Amino acid sequence: MANLLKTVVTGCSCPLLSNCKVIPGKKDFLRTFHTHRALWCKSPVKPGIPYKQLTVGVPKEIFQNEKRVALSPAGVQALVKQGFSVVVESGAGEASKFSDDHYRAAGAQIQGVKEVLASDLVVKVRAPMVNPTLGVHEADLLKTSGTLISFIYPAQNPDLLNQLSKRKTTVLAMDQVPRVTIAQGYDALSSMANIAGYKAVVLAANHFGRFFTGQITAAGKVPPAKILIVGGGVAGLASAGAAKSMGAIVRGFDTRAAALEQFKSLGAEPLEVDLKESGEGQGGYAKEMSKEFIEAEMKLFAQQCKEVDILISTALIPGKKAPVLFSKEMIESMKEGSVVVDLAAEAGGNFETTKPGELYVHKGVTHIGYTDLPSRMATQASTLYSNNITKLLKAISPDKDNFYFEVKDDFDFGTMGHVIRGTVVMKDGKVIFPAPTPKNIPQGAPVKPKTVAELEAEKAATITPFRKTMTTASAYTAGLTGMLGLGIVAPNLAFSQMVTTFGLAGIVGYHTVWGVTPALHSPLMSVTNAISGLTAVGGLALMGGHLYPSTTSQGLAALATFISSVNIAGGFLVTQRMLDMFKRPTDPPEYNYVYLLPAGTFVGGYLAALYSGYNIEQIMYLGSGLCCVGALAGLSTQGTARLGNALGMIGVAGGLAATLGGLKPSPELLAQMSGAMALGGTIGKHLVEFCLYGNTCPFFSSLFGHSSIPVGTTLISSVANTRLVTDMSLAKVNECIL
C-alpha cells in the first residue's frame, strides 16, 4: 500500500503533491508532506480551439451578378473583438460599398482568394462553385477539416455535399436555420426575404405606368393601383407593408389563417376561398393543398387577374419546385400595362410565363423574374446577413475563450440544441442532413371538422344584407309607432311639448358632451353643476310672502333657491380656477372681461324690452338654452374652454332674469329672492376658497340634488295654478338639456 501511495504521489502533477519528499532509507513508505499554497489540481482543459488561433475568411462572391458579401466591416469588428483573426479577399465588399480600407480599419487583413479560402472558418453568401478565373472548385481550396458557413440548400445540391465531404468539412447551412423564436436573430432566409419583398414593390412601381396612390388633381382623377400578393410569409408581408405605405389598394392571399390575419393587420384585404382547409406546414412554410382547394384557388386567381394591376407571388415549398399558381391564360387576361413580380423565380416560378432571371413583356404584361433581388440592395442585404452570421457564431459558441459547439441528435424543440443540429448539415465530412425530429414539439389543438348540420346552422345564422336592412327598418318603425302612441295617451298639449323638448335636448346634450377632451372632464363637470343650479328657477316660481316666506312651502322654495345659488356661483368659480391651472406662462394674454359685452346686451336688452311692454320670455329661454349648450361645447377643447365658461354664465343669468321678468314679483318678494340668491352665491364663493379642487365638484353635485328636494316637496304640498306650472316648465328647458 505504501509503494502504491508513493507511486501515485511522485507521478502526480498536482502542485500540492509535487514537493513531497521521501526520507532516505525509507523508500517503502511515505514519510512526510511539505505544505504548498496551492490547494487544488489544475483545472480541466476546455474543449474547442482558442479564438485567437482561428482565422475567419471572407472571400469575394463569384456567382453571376452577386453583389453581396458575407461580412460587413461592422461584422468583422465584432469577430475581431471576440478574438478571431479575419482575412478578407481584396475587393470582396466593393459591390456592397465596403472598401478594403473599411475592412482594414475594422481589424481585418486583405489577402488573395486562395489564402482566404484556406482559413479555418470560411463565411460565404452563395454555395461554393467553380472559380472561372482559377479553373478550380472553391470547395477544393477549403482547408481540410475546416468549417464553412453559407447558403447550401443541401437537398438540391448532393454533389456539392460529396465534394465538401472529401475535405472533411463541417458545414453550417444558413438556409437550414430552424424557424423558431430563439433563432430569429440568425434567420438569414427571413432577412433576405424581407429585402426581396420590399424590392419587389419598388421594381413594380418602377415599371408600372401610374401612381400607386389615388389622386384627384385639376388635370383629372387618378385611381389607386390594385395589388394582389400571394403568400403571407416574410417577403409577402414586406411587400404588403411597402405597397400599402405607397397608397395602393392591397389584397393578400395565403392558405394559412395566421398569415391572413397578418395581412389584415397591415391594412390589406385578406382573400379566402369558399373551401375551408388549413395550410399550416412545418417550419413556418405552407403545405401542399388538396386538389379541391387548388381548384377553388385557381378560380379565385382567375377572377383577381381581371381586376388587379400588379401581381406579386412568393409561394415556395421547401426542397421542391415552386407551384405554378397562375396559368398563361390568367396572365393574358390581365389589363395591358400590368406588372407581375415572381419572387419564386429561382425555384421555377409561380407564373407559367416567368423566365427566371429575366425582365420581359408578354402580351402587354411586364414580367419581373429576377433571382437576385436581395443582391440588388447589396449594402442593406450584406449588413443584415453579416449580423445573422455574427449572432449565430456567438450563440452556438458562447464560451469567451474557445470556439466550440456540440452537435446532438437528442434535443428539444426551440432550444439552442435544435438550432445547432438543424443548421449543421455536415460534421467532419459526414453528412448529417436532414436533422432528426426534435422532442416536445408544441401541438396545437386538433381542429374538429364541422358536421353538415353545423355548417347549415352557420349559414342560416349569417345576416344577409336584406335581413340587416329589415332589422334596422323594424327598429325605427317600432320607435315611431311608440311616439304616435305617446301622443295619443298624452293628457294635454303641454305634456307633449315637454316631452318634445326633453327628447330633443337629450340628443343635443349627448352629442355635445361626447366630444369633450378627456383632460377637460373636470371643468365640464363643474360647469354642468353650475348650470344645473337652474333649479333655482323652480324655487323662484314657488316663492311667496313679502320680505320673508309666510308658509312652509314658501320657506322650502326659498331654501331651494338659496342652495341652487350656492351651486351656481361655486360651479362657475371652480371652473375658472381649474382653467387657470391649465394656463401656461407662454400662453397669450386673455381678455375675458370682453364677454361682459354680450352678457350685458342679452340681459340688459331683455330688461329694456320688458319695461317697454314686450313679453319675450320664451325667446330668452331659447337664448339661455343655446348658451348653456354652447358652454358644454366650448369645454370640448382647451382653446374654447374659457368661452364655454362665459357662455354658461350668460345662459344662467338670462334664464334667471327671464324668470323674474315673467313672475313680476312685488318689491318685497323681489328683495327676498335677491337676498336668497345673493347669500347663496356668497357662500358658494367662500366654499370654493376653502375646499380642495378635487372635492369641490362632488360637493356641488350633492347641492344640486339637495336643491331639487325642496322644489319637489313644494310642488306637491302647494296648490299651484296651471300658468305658474307651465311657466316654470318652460323656464327649466335649460335643466332638461343637461
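Below is a short write-up of the structure. (Residues numbered from 1 in each chain as written. Predicted model: local features only at pLDDT ≥ 70, side-chain atom pairs only at ≥ 80, totals over all residues. Heavy atoms only, no water.)

Points about helix H8 (residues 234-245)
Between its terminal C-alpha atoms H8 stretches 17 Å, which fits the 16 Å expected from twelve residues at 1.5 Å a residue. Turning to H8, its buried residues number three or more, namely Ala 235, Gly 236, Leu 237, Ala 238, Ser 239, Ala 240, Ala 242 and Ala 243. Of the surrounding elements, those touching the buried residues of H8 are helix H7 (188-207), strand E12 (226-230), strand E13 (249-253), helix H9 (257-265) and strand E15 (310-313). Among the residues trailing H8, Gly 247 stands out with phi positive, at a value near 95 degrees. (Helix = DSSP H or I, 4+ residues; strand = E, 2+ residues; numbered from the N terminus. Expected span 1.5 Å × (residues − 1). Buried < 20%, exposed > 50% of the residue type's maximum accessible area, 1.4 Å probe, protein only. Contact = heavy atoms within 4.5 Å.)

Side note on the packing of H7 against H8
Here H7 crosses H8 at 35 degrees, and the two axes come no closer than 7 Å. Relative to H8, H7 is oriented so that their crossing is right-handed. Residues Ser 190, Ala 193, Asn 194, Gly 197, Tyr 198, Ala 200 and Val 201 of H7 form the contact with H8, whose own contacting residues are Val 234, Ala 235, Ala 238, Ser 239, Ala 242 and Ala 243. In terms of residue class, the contact of H7 with H8 is built from nine nonpolar, four polar and no charged. (Axes fitted to C-alpha atoms, helices over the stretch in contact; angles between N-to-C directions. Left-handed = near helix turned anticlockwise from the far one by under 90°. Nonpolar A, V, L, I, M, F, W, Y, C, P; charged D, E, K, R; others polar.)

Quick notes on empty space enclosed by the protein
Inspection of the entire model under this criterion finds two cavities of 30 Å³ or more. If you go around the second largest cavity, the residues you meet are Leu 117, Ser 119, Asp 120, Val 122, Leu 142, Lys 143, Gly 146, Thr 147, Leu 148 and Thr 169. Classifying every residue of the lining of the second largest cavity gives four nonpolar, four polar and two charged. (1 Å grid on protein atoms, 1.4 Å probe; cavity = no way out; pocket = protein on both sides within 12 Å on 5 of 7 lines; lining within 4 Å. Points joined across faces, edges and corners; volume = space filled by probe spheres on them.)

Things to note about the sheet that holds strand E14 (residues 269-271)
Hydrogen bonding along the main chain pairs the strands of a sheet, whether they run parallel or antiparallel. Overall, mixed pairing links the seven strands, which are arranged E14-E13-E12-E15-E16-E18-E17 in an open sheet. Where the open sheet ends on each side, the last strands, each with one partner, are E14 and strand E17 (359-362). If you compare each strand with its neighbour and ignore which way they point, the axes differ by 20 degrees on average. When strand E16 (residues 339-342) meets strand E18 (residues 365-368), the two strands line up parallel, connected through three bridges. Its bridge partner being in E18, Val 340 is matched across the sheet by His 367. Across the sheet, H9 is in contact with E12, E13 and E14; its angle to E13 comes to roughly 170 degrees. (Pairing = 2+ DSSP bridges.)

What to know about the sheet that holds strand E4 (residues 109-111)
Spatially, eight strands are ordered E4-E3-E2-E5-E8-E9-E20-E21 in an open sheet, and the strand pairing comes out mixed. Sheet topology places E4 and strand E21 (430-431) at the edges, where each strand pairs with a single neighbour. Where strand E20 (residues 424-427) meets E21, two bridges bridge the pair, whose relative direction is antiparallel. In the sheet register, Lys 427 faces E21, and the bridge partner there is Lys 430.

Considering the packing of aromatic side chains
Under the counting rule described, the total for this entry stands at twelve aromatic pairs. Ring plane angle 65 degrees and centroid distance 4.9 Å describe the contact between Tyr 51 and Phe 84, whose orientation is recorded as edge-to-face. Taken as a pair, Tyr 51 in the loop between strand E1 (49-50) and strand E2 (55-58) and Phe 84 in the loop between helix H3 (73-82) and strand E3 (85-89) lie far apart in primary sequence, 33 residues in all. Using a relative accessible area of 2% as the deciding quantity, one classes Tyr 51 as buried. (Phe/Tyr/Trp six-rings, centres within 6.5 Å; stacked < 30°, edge-to-face > 60°.)

Points about helix H12 (residues 378-396)
For H12, which comprises 19 residues, the first-to-last C-alpha distance of 27 Å matches the rise-based estimate of 27 Å (1.5 Å per residue) to within 8%. Three or more residues of H12 are buried, namely Ala 378, Ala 381, Ser 382, Tyr 385, Ser 386, Asn 388, Ile 389, Thr 390, Leu 392, Leu 393, Ala 395 and Ile 396.

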